[in-house]
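Architecture at a glance
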Amino acid sequence: LNRISPLTLSSFEDFSLLYYSDVSVNGERSDREQMRNIYDFCRRYADNFKKDSGNLFFTGATGLGKTHLSLAIAAEAINKGFGVVYGTAQTFALSLDLLNDCDLLIIDDLGMEISSSYITATIYNVIDTRITLKKPTIISTNLSMQELEKRYNERFTSRIIGFYDRLIFRGKDIRMKKKLNPQNKQN
């Protein structure tokens, strides 16, 4: 995992909520409040992680912390002795046995892979097999549910809706904010 991911840069301790707006609009919770709820949910998930933990589906625009929180969960799972596989859907199409055997699978940037019927079928098969085996999977994507259905199919999105806890990330691109204001590193 360390060789292909920025795991050393991703922990719960260095996830900052200060990059998210604390302004409520039209009575909805602020981006910071939404992200605090997601952070707390992910922290509990990592603290209680076991081989039959549920699945998570992270959705939201680029740069909002989906990969960061996925890798923070991965670090906690590894610290507990679980095997974790991390990568993009494109790289996963090449090694199916590894994907079905690991304790936690993280699919980052779903929808950014080159589209083909083989890749789509492979991704569906991995997700469906892991659901059947009751093995936890975390998926992150920048696509909406409608965009996922258009890119894959209704059967695919039905699996996501039925078997994943969906966490909707909100806010502005954190990477850009960190470049412009690097001192905001506290929760």
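Right, let's walk through the structure included here. From a predicted model like this one, the values you see are computed outputs, not experimental measurements.

Some thoughts on helix α5 (residues 117–132)
The first and last C-alpha atoms of α5 sit 22 Å apart over 16 residues, in line with the 22 Å expected at 1.5 Å per residue. Burial in α5 covers these residues: I119, T120, T122, I123, Y124, V126, I127, R130 and I131. Positive backbone phi, approximately 55 degrees, marks K134, located one or two places after α5.

Topic: the sheet that holds strand β3 (residues 104–110)
The strand order across the open sheet built from five strands is β2-β3-β4-β1-β5, with neighbouring strands paired in parallel fashion. Of all the strands in the sheet, just β2 (84–88) and β5 (164–168) have a single pairing partner and so form its edges. Between one strand axis and the next, the sheet turns by 15 degrees as a mean value, whatever way the strands run. The sheet contact formed by strand β1 (residues 55–59) and strand β4 (residues 137–141) spans four bridges and is parallel. Considered in β4, the bridge of L56 is made with I138. Running over the sheet, α5 touches β1, β3, β4 and β5 and is turned about 150 degrees from β3. Contacts between helix α7 (residues 154–163) and the sheet are confined to β1, β3, β4 and β5, with β5 contributing the most and set at about 90 degrees to the helix.

Quick look at the side chain of T120
With respect to the helices and strands, the residue T120 is situated in helix α5. T120 has contacts with R151 and Y152, leaving out every residue within four places of it along the chain.

What to know about the pairing of β3
Burial runs high along β3: six of the seven residues are buried. By the bridge criterion, five bridges tie β2 to β3 in an arrangement that is parallel. Paired with V85 across the two strands is L105, which belongs to β3. As judged from the four bridges shared by β3 and β4, these two strands associate in the parallel manner. Bridge pairing links L110 to T141 in β4. Assessed by its sense of winding, the connection that carries the chain from β3 through α5 to β4 is right-handed.

As for the packing of aromatic side chains
Within this structure, the stated rule accounts for seven aromatic pairs. Through a chain of ring-to-ring contacts, three or more aromatic side chains come together here, namely F12, F15, Y20 and Y39. R155 extends its terminal NZ or CZ atom over the ring of Y124, reaching a point 4.2 Å from the ring centre.

The rules we used
Residues numbered from 1 in each chain as written. Predicted model: local features only at pLDDT ≥ 70, side-chain atom pairs only at ≥ 80, totals over all residues. Heavy atoms only, no water. Helix = DSSP H or I, 4+ residues; strand = E, 2+ residues; numbered from the N terminus. Expected span 1.5 Å × (residues − 1). Buried < 20%, exposed > 50% of the residue type's maximum accessible area, 1.4 Å probe, protein only. Pairing = 2+ DSSP bridges. Axes fitted to C-alpha atoms, helices over the stretch in contact; angles between N-to-C directions. Contact = heavy atoms within 4.5 Å. Right-handed = clockwise from strand over helix to strand, strands pointing away. Phe/Tyr/Trp six-rings, centres within 6.5 Å; stacked < 30°, edge-to-face > 60°. Lys NZ or Arg CZ within 6 Å of the ring centre and 35° of its normal.

Limitation: the analysis is restricted to geometry and does not speak to function.
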